[in-house]
Amino acid sequence: MTAVLSMAGCFGGSGGSGGSDHSSTKAENPKEDQELVDRFSEGRTFKVNPGEFATDDMVTAMIQLRPGDTLEFGCGYFELYHGLLIQATEDVEIRGCGKDETILNFRESDNVTGLEALNVRGITVKDLTILDSPGDAFKLKGVKWGTLLNVRAIWSGGGEPITEENYATRLHVACTNPPFNKDSPTPDYVPSSSAGRYGIYPVESENILVDNSESIGASDAGIYVGQTNNAIIRNSRAAYNVMGFEIENVQGGEYDSNLAECNTGGFLIYDLENITQYGDTSVMLNNVSSNNNTYNFAHSGIVSAIPRGTGFITLGYDNIEIYDNVFEDNSTAAIIYTSYELLDGKGKTTDKKLDPYTEGLHIHNNVMKNSGYDLPQPNWEKVAEGEVETLLPTLIGLKNYKNPGKGAHIVWDGLLDDYDSECAYPKDANGQPVPKDENGKPIHTNQHPNPECHYNAYKFDDEGERKLPEWGSCFVNNEMDSDSQAYMNFHGLKPLAGLMTLPDYDLTTLDGWGDLLNGGLQDILEQTVTGSLDTISETSLEDHNCTLPSLPRVTIPPFERSGGIDPAPSQEYINQLCEAPVKPGEINRKALAVDCPRLDQYSLFADDQDPRSTPNEGGVPYVLNSKLFSDYATKYRVAFIPPGTKAVYKDGQGGGNLNGSIHFPNGTVIAKTFAFTDESKGTEELIETRLLIKRISQSGKAVWSGPAYSWSTDASGKKVATLVPGGETRSVSWHYQDQHTGKVLSGSSDSYAIPNQNQCITCHSNDDLEAGAAPIGPKPRNMNRDYKPESSFMGNKGQGVPNPENQLKDWVDRGLLTNVPDYGRIVNGVATNLERLPRWSVPGDSGAMAGSDADIEDRLRAYLEVNCQHCHNDKGAASNTGYYLDHYRKIDAGYGICKKPTATGGGSCGKQHVVVPGEPGSSIVSCRVASADDPQKNMPPIAKSVVHVEGVELLNSWIANVVDDSYENADACGDGIGIFKSVN
């Protein structure tokens, strides 16, 4: 393991063993010219076997993977306590012995995901099973060319855990008698809402193939592809998930020869609002959707609205071709064709970029058997309250007057939009028209502002008539058994007002379908509905007797390496650079090309044993207005800008650098040391020093690497910081007075985590920033202040010397920063003409009156930016959530106001919206920020092991006292008025 660790690192550099001598080698006249050894090593295979050290070996291997490398798991059952995270590399393979032979159990993992690949170009995962991941089992995000072959995701469910002793039989789950209700017998498998969200989950990716794979027991979707271009799911099986297969916001999707059985719903193709892109064009052929009758056990979100017994459902997605499939024994419907109008109301869908309606739906040459025979029993109290999960099957059963209480093979809500002649073509932020496809449909992304109206002129001709059949739907040549109703159009919510005002019928007193049907539903309808009962529903397929052109099958082009990722450096090369002699006061700049085994080998500080001492070569200490919470750690930050170069001031005021920091030159090093202060004892313990080093890869591209070093004391009593590429857990304690609030902060943790290098990249990597672990904190708005160390522990030594001058001006005066605008006046260390982030913990620091709504909101926004926004922006690791916390973003649905969660699972906390005005207890974000011991809920997912009490208090104060119904989208949370009561 030590030998393998010696090669770990990011991109252009890698850590290694520096031998037994832990002292820094310095000389007055080091050799300038040295003969270099071979720089790179060849592609490698890392083998991990079951046993006590499996997790350590896995982490050691995963952080090293470079082009051509393989991580190979042996045969057997693995107990793994940390997630498998692959970051920012290309052309790698993860493999086992087979999905029945290699079982990776993540039940006790401290990460939410089992296997996660982020920003990887070319990855194959094959021949293994992931068991009991806290959240997602297999997640690919930002992956180009990703293949999942012969893999399985499975959760033990509500029965006995799957163990090393029983996995050989428990992995194979039959589908004979799914539970229609929570308390129904279930001989094959017991589903559980405590299971993770997604089994197989490629998102925001491109050229994805899922083949011969399986998912069992996911509390959201089993096999899912979202916000992706070019995706094929074939020869795979999903069982006992809420939704078996899911294609969401995909451009070019394909289901081929899959089996969905014993799920709540079999297949789903839809668009979700307020996320990165919108979908179009998917093909479904040769699949079987059978017996998908498991009760819905989702926590929340759209998937919680899927009625059990759904073979296929589509929602707000254009151009779908469904042919040569078999749908059988689905108790609600073989196919449900619906729209957001049913959920939101006509014209009320908040995201105007999203087309609420599915058009171009072509269903032909399928077999449909035994559909709609047993609708879920309605809970009339929940129906009256408008709970969406009860809405759809209740509408179907209530309005199917020719076959009351039953569904059909194909069910449509009958809703389509009308031509809006007043809605202009949408424009982007620069006032230019949004791109359009060949049909004239806008191609929106999350980078486009939300239009005021939903543009739909492309669906209509010059006379305002809908273009058919391309913007309609065609159902032809399907083989339907006569025992089930062929088709039902239930016309949305019309005309329910009269029915709900019947004097003799209080639906909340009825027991299921039986009482209503025995009362003579058709007679009741005839008495209350004006005109033909066809306004309730109709069963004629005549309007859908048409054909559409066949849609193209998905083609995945051949993979080729980009060449942008360096192979691993050789150990000899690392040793040569890191052990080179250095003149006193100089930095070992050649060694910055690799991750040295020890921090002192870079010679960054005057005192090798103290990273709080004076920085070498003019390194400049700095502080931030608002900082990331890290278990109440004290932080010492230093920027080392290469002599003769300057950083470039870039802020977000002009819109060109919304998420980025100051632009640093190549060769820059940023050091951040974490320490824990105990003022009652007069001590401060050094824990870790993290570096960000801006290197140049072999291809000439700039890339940031982020090695971390753990401080300890060696046998001679010397303090030494050693590279820990795989991360580390430490026990820490703190007791000090906060310099801003005066509050005494005291506590301890036995699980303070130094992240592994791949975890660091997760937070520090954004699509609009430089590659690798780009800086987060040193943004102009966060540095617009004077320099005063976070702790008084150092006194006036080293970096403890305060500087009352504005930091940005000081950097200019030192010749380290250029392109700075006019400062304006400098008041109390603040340049009044430059953007500034307030100190989140100081009332009134925003410039507004202390305690005012504006002050609370500005400080809360600062807190969310430094703790969450680095992932929650439209280019970050959480871009797929549609929940964005950019500093300059308006506060609306994208900022969480009444936003539905993208996914369900434990991370939703069983709640329906991210921020509910006036109700922190109903808000997902409050639940997640207040969690520190549940991988599904923890937010941020790394960087803390205890709850940040003060941060949670500020967040809850904002939600409870500031956010009200005046905020945009605040009415989308609902006000408790039942949907049927609102149809008047």
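Bear in mind that the values here come from a model prediction, so they are computed numbers and not experimental data.

Novice: Provide a residue-level description of the overall build of the protein chain, including the pertinent values.
Specialist: When helices and strands are tallied, the protein chain shows 16 helices and 48 strands. Classification of the 984 residues of the protein chain by burial places 60% in the buried group. By element, 47% of the accessible surface of the protein chain is carried by carbon and sulfur atoms, the whole surface being about 36000 Å².

Novice: I'd like a description of the sheet that holds strand E11 (residues 198-203), backed by residues and values.
Specialist: Pairing is parallel in the open sheet, where 11 strands are placed in the order E4-E7-E9-E11-E14-E17-E20-E23-E26-E29-E32. Since the sheet does not close on itself, it has two edges, and those belong to strand E4 (84-87) and strand E32 (487-489), each with one partner. Within the sheet, the average angular offset between the axes of one strand and its neighbour, ignoring direction, is 10°. Here strand E7 (residues 115-118) runs beside strand E9 (residues 138-141); their pairing, made up of four bridges, is parallel. Each residue of the ladder has a partner; that of Leu118, found in E9, is Lys141.

Novice: Give me helix H10 (residues 571-578): which residues, what numbers.
Specialist: Burial analysis of H10 places six of its eight residues in the buried class, which makes it a mostly covered element. Within H10, burial applies to Gln571, Tyr573, Ile574, Gln576, Leu577 and Cys578.

Novice: An account of the state of the cysteines is requested, with residue identities and associated values reported.
Specialist: Per the stated rule, a full pass over the model turns up six disulfides. Disulfide pairing places Cys578 opposite Cys596 at an S-S distance of 2.0 Å. Because the torsion about its S-S bond is -95°, the bridge between Cys578 and Cys596 counts as left-handed. Residue Cys578 is found in helix H10, and its partner Cys596 is found in the loop between H10 and strand E33 (620-622); the two are separated by 18 residues along the sequence.

Novice: So what's going on with the pattern of salt bridges? Which residues, and what values?
Specialist: Where charged atoms from two side chains of opposite charge come close, those side chains can pair. Evaluated as defined, the whole model comprises 49 salt bridges. Salt-bridge contacts for Glu865 lead to Arg781; the nearest nitrogen and oxygen are separated by 2.8 Å. On the criterion of sequence distance, the pair formed by Glu865 in helix H14 (residues 853-869) and Arg781 in helix H12 (residues 780-783) is long-range, its members being 84 residues apart. Owing to a relative accessible area of 1%, Arg781 belongs among the buried residues under this scheme. What you see here is one network of salt bridges that share partners, running through Asp100, Arg152, Glu214, Arg237 and Glu261.

Novice: So, the packing of aromatic side chains: which residues are in play, and what are the values?
Specialist: Inspection of every chain in the model, using the stated rule, returns 29 aromatic pairs. Centroid distance Phe73 to Phe78: 5.5 Å. Interplanar angle 90°. Geometry classified as edge-to-face. Summarising the burial analysis for this pair, Phe73 and Phe78 share the class buried. Taking 5.6 Å as the distance between ring centres and 25° as the angle between the ring planes, the aromatic pair formed by Tyr77 and Tyr167 counts as stacked. With a gap of 90 residues between them, Tyr77 in strand E3 (residues 76-79) and Tyr167 in helix H3 (residues 167-170) connect regions that are remote in the sequence. Each member of the pair Tyr77 and Tyr167 is classed as buried. Site record: aromatic cluster; members linked through ring pairs are Phe629, Tyr632, Phe676, Trp734 and Tyr752. When the ring centre of Tyr425 is taken as origin, the NZ or CZ atom of Lys436, which lies over that ring, is 4.7 Å away.

Novice: I'd love a proper account of the nonpolar core, names of residues and values included.
Specialist: Ranked by size, the top nonpolar core spans 83 residues in total, and within it Phe73, Leu84, Ile86, Ile94 and Phe138 carry the most contacts. Beyond its immediate sequence surroundings of up to four residues, Leu84 is in contact with Met58, Met62, Leu71, Phe73, Ile94, Phe106, Gly114, Leu115 and Glu116. Ranked by size, the runner-up nonpolar core spans 36 residues in total, among them Tyr278, Ile313, Tyr340 and Val411.

Novice: I'd love a proper account of the environment of Ile556, names of residues and values included.
Specialist: Following the sequence through the fold, Ile556 ends up in the loop between helix H9 (521-528) and H10. If sequence neighbours within four positions are ignored, Ile556 has contacts with Trp145, Asn207, Ile208, Leu209 and Ile232.

Novice: Tell me about the pairing of strand E42 (residues 744-754), and name the residues and values.
Specialist: As defined by bridge partners, strand E41 (residues 728-737) adjoins E42 across nine bridges and the pair is classed as antiparallel. Looking across to E42, one finds that Ser733 is bridged to Ser748.

Novice: Residues and numbers for the side chain of Arg237, please.
Specialist: Looking at where Arg237 falls in the secondary structure, it is placed in strand E16 (residues 237-239). In this structure Arg237 comes out as buried when scored by relative accessible area, which is 14%. Looking at Arg237, its side chain comes within polar contact range of the side chain of Glu214, at 2.6 Å. A distance of 2.9 Å separates a polar atom in the side chain of Arg237 from a polar atom in the side chain of Glu261. When sequence neighbours within four positions are dropped, the list of residues in contact with Arg237 reads Val173, Ala174, Cys175, Ser213, Glu214, Ser215, Ile216, Ile223, Phe245, Leu259 and Glu261.

Novice: Would you mind going over the side chain of Gln601 in detail, with residue names and values included?
Specialist: Within the fold, Gln601 resides in the loop between H10 and E33. Given a relative accessible area of 5%, Gln601 falls into the buried group. Among the polar contacts made by the side chain of Gln601, one reaches the main-chain amide nitrogen of Arg598 at a distance of 3.0 Å.

Novice: Requested: an account of a negative patch on the surface, with residues and values cited.
Specialist: A cluster of like negative charges, contributed by Glu79, Glu108, Glu164 and Glu165, occupies part of the molecular surface. What makes Glu79 partly exposed here is its relative accessible area of 35%.

Novice: How would you sum up the packing of H14 against helix H16 (residues 949-961)? Please name residues and give values.
Specialist: The contact between H14 and H16 brings their axes to 10 Å, and the two run at 135°. In this view, H14 runs oblique relative to H16, as classed from their interaxial angle. The chirality of how H14 crosses H16 is left-handed. Between H14, through Asp853, Ile856, Glu857, Arg859, Leu860 and Tyr863, and H16, the contact on the second element is made entirely by Gly951, Leu954, Leu955, Ser957, Trp958 and Asn961.

Novice: How would you explain the pairing of strand E5 (residues 90-95) if you had to name every residue and give the values?
Specialist: Looking at chain direction, strand E2 (residues 70-73) and E5 are connected through three bridges and run parallel. Looking at the pairing, Thr70 lines up with Glu93 of E5. Two elements, E5 and strand E8 (residues 121-131), share five bridges in a ladder whose sense is parallel. Following the sheet pairing, Glu93 is matched in E8 by Thr124.

Novice: With reference to specific residues and values, describe unusual backbone geometry.
Specialist: Note that the residue after Leu468, namely Pro469, is joined by a cis bond; omega there is 10°. With respect to the helices and strands, the residue Pro469 is situated in the loop between strand E29 (408-412) and strand E30 (473-476). Phi at Asn249 takes a positive value of approximately 55°, unusual for a residue other than glycine. The backbone of Asn291 sits at a positive phi, close to 55°, despite the residue not being glycine. Locating Asn291 in the fold gives a position in the loop between strand E22 (288-290) and strand E23 (310-315).

Novice: Requested: an account of the environment of Glu950, with residues and values cited.
Specialist: Residue placement: Glu950 occurs in helix H16. Judged by relative accessible area, which is 16%, Glu950 ranks as buried. Considered as a pair, Glu950 and Trp840 are 110 residues apart in the sequence and their alpha carbons are 9.9 Å apart. Not counting residues up to four positions away in its chain, the partners in contact with Glu950 are Tyr632, Lys743, Leu745 and Trp840.

Definitions and limits used
Residues numbered from 1 in each chain as written. Predicted model: local features only at pLDDT ≥ 70, side-chain atom pairs only at ≥ 80, totals over all residues. Heavy atoms only, no water. Helix = DSSP H or I, 4+ residues; strand = E, 2+ residues; numbered from the N terminus. Buried < 20%, exposed > 50% of the residue type's maximum accessible area, 1.4 Å probe, protein only. Areas by Shrake-Rupley, 256 points an atom, 1.4 Å probe, with all protein chains shown as cover. Pairing = 2+ DSSP bridges. Axes fitted to C-alpha atoms, helices over the stretch in contact; angles between N-to-C directions. Disulfide = S-S within 2.5 Å. Salt bridge = Lys/Arg side-chain N within 4 Å of Asp/Glu carboxyl O. Phe/Tyr/Trp six-rings, centres within 6.5 Å; stacked < 30°, edge-to-face > 60°. Lys NZ or Arg CZ within 6 Å of the ring centre and 35° of its normal. Core = buried A, V, L, I, M, F, W, Y, C linked by side-chain atoms within 4.5 Å. Contact = heavy atoms within 4.5 Å. Polar contact = N/O pair within 3.5 Å; in protein donor to acceptor, adjacent residues only side chain to side chain. Patch = residues over 30% accessible without salt bridge, like charges linked within 9 Å, V, L, I, M, F, W, Y side chains within 5 Å. Lys, Arg positive; Asp, Glu negative; His and termini not counted. Charge placed at Lys NZ, Arg CZ, Asp CG, Glu CD. Parallel < 35°, antiparallel > 145°, perpendicular 65-115°, else oblique. Left-handed = near helix turned anticlockwise from the far one by under 90°.

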